[in-house]
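So the chains spell out like this:
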Amino acid sequence: MKTILIINGEKYWQDYFTGFDVVQKKVQTAEFIVKNAELYVIDENGVCKPDVIFWRLGAINPEAKHRNILELIEYSGIPCVNSASTLLIGYERLSMLNRLKKLGLPVIDFNVATNTTQLKNLELQFPFVVKVGNHHGGYGKSLVSTEEQWEELKDLLFIHQDYVTTEKFIDYQYDIRYLAINDKVWAMKRKGKYWKANSLTQQYQLIEPEKEWIEKVKLLQENIKADIVAIDVLETENGEKVIVEYNDIPGLSGFPEDAKLELTGIVKNK
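Structural notes, computed from the coordinates.

Reading the values: rules and limits
Each chain has its residues counted from 1, following the order in which its sequence is written. Given that this is a predicted model, residues contribute local features only at a pLDDT of at least 70 and side-chain atom pairs are listed and counted only at 80 or more, while totals for whole chains, interfaces and linings are drawn from all residues. The side-chain values count all of the structure's non-hydrogen atoms but skip hydrogen atoms and water molecules. To qualify as a helix, a DSSP run of H or I must reach at least 4 residues; to qualify as a strand, a run of E must reach at least 2; elements of each kind are numbered from the N terminus. Note on exposure labels: buried denotes an accessible area under 20% of the residue type's maximum, exposed denotes more than 50%, and partly exposed covers the range between, all computed with a 1.4 Å probe on protein chains only. Planes of paired rings set the category: under 30 degrees apart is stacked, over 60 is edge-to-face and the rest tilted, where pairs are Phe, Tyr or Trp rings (Trp by its six-membered ring) whose centres lie within 6.5 Å. The pairing criterion is simple: DSSP has to find at least two bridges between the two strands. In this description, a line fitted to the C-alpha atoms serves as the axis of each element, helices being fitted only across the stretch in contact, and the angle between N-to-C directions of two axes falls anywhere from 0 to 180 degrees. By definition in these notes, contact holds between two residues if any of their heavy atoms fall within 4.5 Å. In protein, a polar contact means a hydrogen-donor-capable atom and an acceptor-capable atom, both N or O and within 3.5 Å, with residues adjacent in sequence counting only if both atoms are side-chain atoms; elsewhere, any N or O pair within 3.5 Å suffices.

Quick notes on unusual backbone geometry
- Put simply, Val81 and Asn82 share a cis peptide bond, and its omega is -15°.
- Considering the arrangement of structural elements, one finds Asn82 in the loop between β7 (80–81) and α2 (84–91).
- Following Phe126, the chain continues to Pro127 via a peptide bond in cis, the omega torsion being -5°.
- Within the secondary structure, Pro127 sits in the loop between β8 (111–113) and β9 (128–132).
- Despite not being glycine, Ala37 shows a phi value in the positive range, around 65°.
- Here Ala37 is to be found in the loop between β3 (31–35) and β4 (38–43).
- Even without being a glycine, Lys225 presents a positive backbone phi close to 55°.
- In this structure, Lys225 sits in the loop between α5 (211–224) and β15 (228–236).
- Lys225 sits in the exposed class, given a relative accessible area of 65%.

Have a look at this one:
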């Protein structure tokens, strides 16, 4: 019986893999070993020697260890969804934004400095958004609307030894997530409780994907060789659209059951 190792992710995934030995471990508490070119994953529940890895780490603070783990998976040759090489491209937020830019996709403009000591040089016209480091899921970012807020935030961020970006605040009408799995594409409009569209989401609605944006997400998917990828697009009141980021481990909440079935089919085929 083949062994599928699920890294993090929701517990319901185990129900989709009948006929397989399904093991689920958390990257926070597991250790990875390569011995004689074979990959083993160890935690308090025992040792797993996977035939395929389903990587569902999600929006946690990335650590150097996680990148090391992906390199070990790549070295071992164990199939992974997405592949370790694909996940390594998007692991760092700056490389993710660079990839979008190089593909000519309409990625949001931003200023960046390698350390928060340079915050004074990144100020934009109010309001603007400040993001610190490589966090996901709405963490590590703040909306700055006044000079007083900016001065207080600079004092708070001074303790961080990480890169920082600033970008113009887009007063969006909707956030639209385009999700591509294999050759299928879905689209969903979302709106958050506050200004962060991907945090405390209160409204979501499946919509018909636009041909232009299907082509854009497929271009990205093919370029990074992703089994699954999503792009998050902000739409303003006048209809302008800009990509905020792409996500190679996107959540599927609100998308149809077909999306989960398509993804589990990829894992089984691997």
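Notes on the packing of aromatic side chains
- A full pass over the atoms with the stated rule returns eight aromatic pairs.
- Note on Trp13 and Tyr16: the rings are 5.6 Å apart at their centroids and 50° apart in plane angle, and the pair reads as tilted. Each member of the pair Trp13 and Tyr16 is classed as buried.
- When the centroid spacing of 6.0 Å and the interplanar angle of 75° are considered together, the rings of Phe17 and Phe54 count as edge-to-face. One end of the pair, Phe17, is in the loop between β1 (3–8) and β2 (21–25); the other, Phe54, is in strand β6 (residues 52–56), and 37 residues separate them in sequence.
- Assessed through its relative accessible area of 1%, Phe17 is described here as buried.
- Aromatic rings pair up to connect Tyr12, Trp13, Tyr16, Phe17 and Phe54 into one cluster.

Looking at the sheet that holds β3
- Taken in spatial order, the three strands of this open sheet run β3-β4-β5, and their pairing is antiparallel. A single partner strand is all that each edge strand has here, and the edge strands are β3 and β5 (46–48). Between one strand and the next, the sheet's axes are offset by a mean angle of 30°, whatever the strand orientation.
- In this sheet, β4 lies alongside β3 in antiparallel orientation, the contact comprising five bridges.

Looking at the environment of Thr264
- Within the element layout of this structure, Thr264 appears in helix α6 (residues 257–269).
- According to the relative accessible area criterion, Thr264 is buried, its value standing at 3%.
- In the structure, Thr264 is positioned 210 residues away from Phe54 in sequence and 9.0 Å away in space, judged by C-alpha atoms.
- Those residues within four positions of Thr264 in sequence are excluded, and the remaining contacts are Trp13, Tyr16 and Phe17.
- Within polar-contact distance, the side chain of Thr264 engages the backbone oxygen of Leu261 at 3.0 Å.

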